[in-house]
Amino acid sequence: MLVIGLVVFVSIFYLMITEKVPAAWATMVGGLIMSLIGIINEKDALAAVADRLEILFLLIGMMMIVHLISETGVFQWFAIKVAQLVRGEPFRLVVLLAIVTAVCSAFLDNVTTILLMAPVSILLAKQLKLDPFPFVITEVMSANIGGLATLIGDPTQLIIGAEGGLGFNDFLLNTAPMAIISMVILIVNVYLIYGRHMIVSNELKARIMELDSSRSLKDLKLLKEAAVIFVLVLAGFILNNFIDKGLSIISLSGAIFLVIIAKRKPKEILENVEWETLFFFIGLFMMIRGIENLHVIKIIGDKLMDITTGKFDMAVLGVTWMSALFTSIIGNVANAATMSKIVAVMVPAFKEQIADPTRINAFWWALSIGSCLGGNITILSSATNVVAVGAAAKAGCKIDFLKFLKFGGLIALETLVVGSIYLFLRYM
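To keep things clear, this report deals only with the structure shown in the data block.

Overview of a nonpolar patch on the surface
On the surface, a cluster of nonpolar side chains totalling about 630 Å² of accessible area is made up of Met-1, Ile-4, Val-29, Leu-32, Ile-33, Leu-36 and Ile-37. For Leu-36, the position within the fold is in helix α2 (residues 23-36). Overall, the relative accessible area of 76% leaves Leu-36 in the exposed class.

Side note on unusual backbone geometry
Its identity is not glycine, yet Arg-87 carries a phi of approximately 55 degrees, on the positive side. Among the residues examined, Arg-87 registers a relative accessible area of 59% and is labelled exposed. At Asp-244, a residue that is not glycine, the phi angle is positive and equals roughly 50 degrees. Relative to the helices and strands, Asp-244 resides in the loop between α14 (240-243) and α15 (247-261).

Observations concerning the packing of helix α4 (residues 53-71) against helix α13 (residues 220-238)
Two elements in contact, α4 and α13, have axes separated by 9 Å at closest approach and are oriented at 150 degrees. Of the possible angle classes, the one that applies to α4 and α13 is roughly antiparallel. Judged by the sense of rotation from one axis to the other, the crossing of α4 with α13 is left-handed. Only Leu-222, Ala-226, Phe-230, Val-233 and Phe-237 of α13 make contact with α4, whose side of the interface consists of Leu-58, Met-62, Ile-65, Leu-68, Ile-69 and Glu-71. Along the lines of polarity and charge, the residues of the contact of α4 with α13 split into ten nonpolar, no polar and one charged.

Criteria and cut-off values
Residues numbered from 1 in each chain as written. Predicted model: local features only at pLDDT ≥ 70, side-chain atom pairs only at ≥ 80, totals over all residues. Heavy atoms only, no water. Patch = residues over 30% accessible without salt bridge, like charges linked within 9 Å, V, L, I, M, F, W, Y side chains within 5 Å. Areas by Shrake-Rupley, 256 points an atom, 1.4 Å probe, with all protein chains shown as cover. Salt bridge = Lys/Arg side-chain N within 4 Å of Asp/Glu carboxyl O. Helix = DSSP H or I, 4+ residues; strand = E, 2+ residues; numbered from the N terminus. Buried < 20%, exposed > 50% of the residue type's maximum accessible area, 1.4 Å probe, protein only. Axes fitted to C-alpha atoms, helices over the stretch in contact; angles between N-to-C directions. Parallel < 35°, antiparallel > 145°, perpendicular 65-115°, else oblique. Left-handed = near helix turned anticlockwise from the far one by under 90°. Contact = heavy atoms within 4.5 Å. Nonpolar A, V, L, I, M, F, W, Y, C, P; charged D, E, K, R; others polar.

In structure tokens, the structure reads:
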């Protein structure tokens, strides 16, 4: 059964990496095959999903809110305003767009953020007659880095938060500082590699200044309503440790209230929920339960402890770099779902050695840093990367695997090295 289970697991990820089968169908097939051959039973499969319903409900709520916000055109309006704020200076424009993308990704779905920001950035680059690649790749890196800052910034964070019992504020205090440092590293690299060569004429800068941002705003009433609800939802996330209502309840409450206020029909809203993403997670959770039943998680956890000879600092750094490596191959969501189980095995083993819960949680922050920053290595490392490359191709900017790897791998390597130093200095 162990061999069959591993063959199923590896085969499913091969199908996803080669894009022979859509990711949602691939994981569902994998989970169902494990059920049919007896690695998991129906009770296991349902329990695997039920244990993580908070993640699914939180995602559904945020997808509904973000969809309604996107209808207002505020993202496009903001991008044009940013371009005009820097008076069409290309490097400053790249920096500000990157910061906007990172901030939005920290509090919104980063896939949605990149879908909205990438086309606008390509439009602005073409207006300035510049290669759109530096604009797009910087935003992709920013989205993955921004996702590191909060619990809701990236699906990987939701998985880690659920497995580690960590709250919204825990991520703000522990991973947000590393996200800020990583953004500085990214911007310095962009300047050294691309920024110094971005020279445009005053005539082209003038074209940017002539763009009418007000034409992007489509529904001011909805924008005001969505802004109020969104601020209340974020406040609920931050105060959840005190009000104890649960992130999924807060997210869904905000979404339903906004839908009712905006007078939208259920069909209209539910059609725009990313069901493909949700089914991907459902299948993935079933597959991970199968791997657990085969004791693969425990075997890898024990092996990692053997390699690090039970040393806390080596084990934390091992989780960071192993997460980044796995992420580059199978993607950050699958890595977080798998590695979180390994970390859950390792944490109790070190509790006698490290009694301080603040320090023992370094394992979870290592997993977070490895998954999010490792998401910049290859196109396959993150759903954000795949979406951005697709959006860029539609706009006439082709980004191949090696071109992405050359820049993304450099950024990932530098930020992971600094991330390791950050973990060492702060927790070890």
